[in-house]
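# Structural overview for review
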Amino acid sequence: MTIPIQSRSLRGAVETAQPTGLPFANPTQSFWTDSSPNANLLASRGSEGPLTDDADICIVGSGITGVGVAYHLAQAAQATGYASMREGPLKVVILEARDFCSGATGRNGGHLRAATYIGYAAREAAFGRDEAMRSYKVEAYTTRSIVSIVREHGWDNDIDMVNGGHIRLYLTEAGACDARRDLECARMSSLDLNAVKWIEKDEMATEYGPPYPGVYSPAYNLWPLKFVTKLYEHTEGLSGQHFSLTLHTHTPATAVERVVQTSDYQSGIRPYVVSTSRGSILCSKVVHATNGYASHLLPFLAGCIVPTRGQVMAVRAEVSIDQIKTNAWGNDRGSEYWFVRPAQKDSDEKSLIILGGARQLAVTPFESNVQDDSTVCPVVGKALRNFLPSVFPGKFMPERKPEMEWTGIMGFTEAGDPLVGPVVDPDGNIDTFKGQFIAAGYSGHGMPRAFGCAEIISQMVIAELSDNKWSRPEWLPERFLTWNRIDDLKDSSFKA
Ligand SMILES: Cc1cc2nc3c(=O)[nH]c(=O)nc-3n(C[C@H](O)[C@H](O)[C@H](O)COP(=O)(O)OP(=O)(O)OC[C@H]3O[C@@H](n4cnc5c(N)ncnc54)[C@H](O)[C@@H]3O)c2cc1C
């Protein structure tokens, strides 16, 4: 039985923290998962037939984090000739509760945008210059990694990746003022802002339409599910002497239990049993890549990683893409975000926009502690339908019915930073969960962080398996690391 406790909420109010349930079985259909047949080629892979019963590493969750960990493990196994450390390949299994990649990654806004300056002044004041700069370095590193893998394998067109940049509109004077201060502080600290450009109100109006100032930053948009599918297929293709990968969708993990105290990997004894709806799996390491649902298997994370519902729609403009430009957009006021789907060459078809946000208007405040992605919030939907017509008059019809509208569950932390590393208990013990790792809690901004965090987890797993010491790469913020987040865990610890 679970007993809720009082904990800090994301905005300082007292709230009841309950571990999440498993993902809802009947989620809304997203553009990425359901707008075309075969959009999700791996949807039900491994959902029938025998369940893998033994693995070196069991990854729970098949979003960008889970598949990212598998990809990086495969790279490491190949590079180090992993098989020589033990007999046979490094055996990795991914468990997914629903269809492949049907969590936040398969339901998000499609933006791959490394932050360049937003929040810099406050971060420098809170964490000091080096750590503040790492907040941006981790995103630049992750975005570069994704883009270079896509280009190396020629996936650009398959995943609709567009290098269109991002414009953040400042609809309020206060927002514009904060942005100027962040830019100035970031410049003084030598953050790389070469490609970042302030756009004055008049230029914005002439060039793009909306009569507001804004900031242009380099950014991409893409079809996230197709990227993760390519990544999975590529990783699976690396199976052989050093590495093997299996995927079981529709196989929720229901418990992780330590059955043997030894952590001697070489002996071949498996310390963990992962229970699923279809049987159990013996394994040496467990990676929690469950993001907003992390507290289902790790209940003490309730209140620390808070499930938070986001809403997105695909809606037609009244004009074609050349009148809206290919950029992705965001704003300071309500945090709406949108981009134009790439058009067929020479098409004068009306543009299709992917638009999300407006959580601040939701019936449940900020959609915090909402884990039901089988419904949409009508109030948020109405706000979204009227948002673009208000910013681009004449280019959008007010109240136009979206072609698709969906929700997805994010994992929010109070600080807005993910937790990355070995699972640490609320008293700061690293041994209680030795052999379990987590990367989760990207707070709605995961595309430019999750894949880099997945690389860190794979490095830590390999280091532990091979009795080596892990060292932090310069680009990773120290405060992402789980052992530096004990206060967050204590503040929200859940006691059953
Ligand atoms: C509506 C919305 C819009 C967003 N827009 C953007 C955006 O434009 N740009 C951006 O950078 N970020 C965006 N995000 C955030 C981003 O999508 C996430 O941060 C990122 O996808 C997290 O990836 P993940 O792999 O960690 O988690 P997920 O993709 O959520 O994957 C976790 C997986 O674990 C599975 N799972 C959970 N529990 C279990 C269990 N017990 N057993 C088995 N499987 C389990 C889930 O079904 C899920 O598939 C958005 C998120 C949402 C919801």
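The preceding data block contains the structure.
Every residue gets a number counted from 1 within its own chain, in the order that chain's sequence is written. This being a predicted model, a pLDDT of at least 70 is required before a residue's local features are given, and a value of 80 or more before pairs of side-chain atoms are given or counted; all residues contribute to the totals for chains, interfaces and linings. Here the side-chain values reflect all heavy atoms present in the structure, with hydrogen atoms and water set aside.

## Considerations on the overall build of the chain
Within the chain one finds 11 helices and 20 strands. Put simply, the radius of gyration uses C-alpha atoms, and a globule should come to 2.2 Å times the residue count raised to 0.38. On C-alpha atoms alone, the chain measures out to a radius of gyration of 22 Å, which is about the 23 Å that the 2.2 N^0.38 rule sets for 496 residues. Principal-axis analysis of the C-alpha atoms gives the chain an extent of 70 × 50 × 45 Å. Burial status follows relative accessibility: with a 1.4 Å probe on protein chains alone, a residue under 20% of its type maximum counts as buried, one over 50% as exposed, and anything between as partly exposed. In the chain, which comprises 496 residues, the share counted as buried stands at 58%. Residues count as neighbours in contact if any of their non-hydrogen atoms are within 4.5 Å of one another. Within the chain, contacts between residues at least 6 apart in sequence are counted, and of these 77% link residues at least 24 apart. Surface accessibility follows the Shrake-Rupley procedure with a 1.4 Å probe radius. Residue values consider only the protein chains on display as shielding. Accessible area of the chain: about 19700 Å², with a carbon and sulfur share of 50%. Under the scheme used here, helices are H or I runs from DSSP no shorter than 4 residues and strands are E runs no shorter than 2 residues, and both carry numbers assigned from the N terminus.

## A word on helix α9 (residues 378-391)
Expected helix span is taken as 1.5 Å per residue step, with the number of steps being one fewer than the number of residues. With 14 residues, α9 should reach 20 Å at 1.5 Å per residue; the first-to-last C-alpha distance of 21 Å fits that figure. Among all positions in α9, only Val 380, Gly 381, Leu 384, Phe 387, Leu 388, Pro 389 and Val 391 are buried. Its buried side turned inward, α9 meets β6 (166-169), β14 (306-320), β15 (328-331), β16 (337-340), β17 (350-356) and β18 (404-412).

## Let's talk about the environment of Ala 77
Residue placement: Ala 77 occurs in helix α2 (residues 64-80). Along the sequence, Ala 77 and Ser 335 sit 258 residues apart, while their C-alpha atoms lie 41 Å from each other.

## Let's talk about the packing of α2 against helix α7 (residues 224-236)
In contact at an axis separation of 9 Å, α2 and α7 are set at 30° when each is read in the N-to-C sense. The angle between α2 and α7 places the two elements in the roughly parallel class. In this structure, α2 crosses over α7, and the sense of that crossing is left-handed. Residues Ile 64, Val 67, Gly 68, Ala 70, Tyr 71, Ala 74 and Gln 75 of α2 form the contact with α7, whose own contacting residues are Phe 227, Val 228, Leu 231, Tyr 232, His 234 and Thr 235. Gly is put with the polar residues, along with every residue not named as nonpolar or charged; the nonpolar set is Ala, Val, Leu, Ile, Met, Phe, Trp, Tyr, Cys and Pro, and the charged set is Asp, Glu, Lys and Arg. In terms of residue class, the contact of α2 with α7 is made up of 9 nonpolar, 4 polar and no charged. For helices, the axis comes from a line fit to the C-alpha atoms of the stretch in contact; other axes are also lines fit to C-alpha atoms, and the angle between any two N-to-C directions lies between 0 and 180 degrees. An angle below 35 degrees is treated as roughly parallel, one above 145 as roughly antiparallel, one from 65 to 115 as roughly perpendicular, and anything else as oblique. Crossings are assigned a handedness: left-handed for a near helix turned anticlockwise from the far helix by less than a right angle, right-handed for a clockwise turn.

## A look at the pattern of salt bridges
Salt bridges, as used here, are contacts in which a Lys or Arg side-chain nitrogen is within 4 Å of a carboxyl oxygen on Asp or Glu. Taken as a whole and judged by the stated rule, the model has 28 salt bridges. A salt bridge links Glu 236 to Arg 45, with the shortest nitrogen-to-oxygen separation between them at 2.6 Å. Of this pair, Glu 236 sits in helix α7 while Arg 45 is found in the loop between α1 (31-34) and β3 (54-60), placing the two residues 191 residues apart along the sequence. Glu 478 serves as the salt-bridge partner of Arg 472, at 3.5 Å between the closest nitrogen and oxygen. The structure contains a network of salt bridges with shared partners spanning Glu 131, Arg 134, Lys 137, Asp 417, Arg 449, Glu 474 and Arg 479.

## Here we look at the site of the ligand
Not every one of the 38 residues close to the ligand is listed here, only the nearest: Thr 65, Glu 96, Thr 105, Ala 253 and Met 447. Any pair of nitrogen or oxygen atoms within 3.5 Å is treated as a polar contact; in protein, a donor-acceptor pairing is required on top of that, and neighbouring residues in sequence qualify only through side-chain atoms on both sides. One of the backbone N or O atoms of Ala 104 is found 2.9 Å from an oxygen atom in the ligand. In this structure, Asn 108 approaches the ligand through a side-chain N or O atom, which is 3.0 Å from an oxygen atom. Coverage of the ligand by the protein chains reaches 98% of its 1000 Å² of free accessible surface. Among the elements that make up the shell around the ligand, the one with the highest residue count is β18 (3 residues). In terms of residue class, the shell around the ligand is made up of 18 nonpolar, 18 polar and 2 charged. As annotated, the domain borders come from an automatic or database domain assignment. Mapping the shell around the ligand onto the domain boundaries places at least three of its residues in each of domain 1 (5-105 + 226-305 + 414-491) and domain 2 (161-221 + 307-406). A single heavy atom is enough: if one lies within 4 Å of a molecule or strand, its residue is considered near that molecule or strand.

## Observations regarding the packing of aromatic side chains
Any two of the Phe, Tyr and Trp rings considered here, Trp counted by its six-membered ring, make a pair once their centres fall within 6.5 Å; the pair's planes then place it as stacked at under 30 degrees, edge-to-face at over 60, or tilted in between. Scanning the model with the defined rule gives 19 aromatic pairs in all. A centroid spacing of 6.2 Å and a plane angle of 10° characterise the contact between Tyr 170 and Trp 198, whose relative ring orientation is stacked. Here Tyr 170, found in the loop between β6 and α5 (173-188), pairs with Trp 198, found in strand β7 (residues 197-199); they are 28 residues apart in sequence, far enough to count as distant. Accessibility assignment for this pair places Tyr 170 and Trp 198 in one class, buried. Here Tyr 208 and Trp 329 contribute two aromatic rings whose centre-to-centre distance is 5.5 Å and whose plane-to-plane angle is 90°, an arrangement assigned as edge-to-face. With a gap of 121 residues between them, Tyr 208 in the loop between α6 (201-207) and β8 (214-217) and Trp 329 in strand β15 connect regions that are remote in the sequence. The buried category is assigned to Tyr 208, whose relative accessible area is 13%. On the basis of relative accessible area, Trp 329 is assigned to the buried category, the value being 0%.

## Comments concerning the side chain of Thr 276
Position of Thr 276 relative to the elements: it lies in strand β12 (residues 272-276). For Thr 276, a relative accessible area of 9% corresponds to the buried category. Within the structure, Thr 276 has its side chain in polar contact with the backbone nitrogen of Arg 278 (distance 2.9 Å). For Thr 276, the side chain forms a polar contact with the main-chain oxygen of Gly 279, separated by 2.7 Å. When residues no more than four places from it in sequence are discounted, the contact partners of Thr 276 are Leu 51, Leu 95, Thr 251, Pro 252, Ala 253, Thr 254 and Ile 281.

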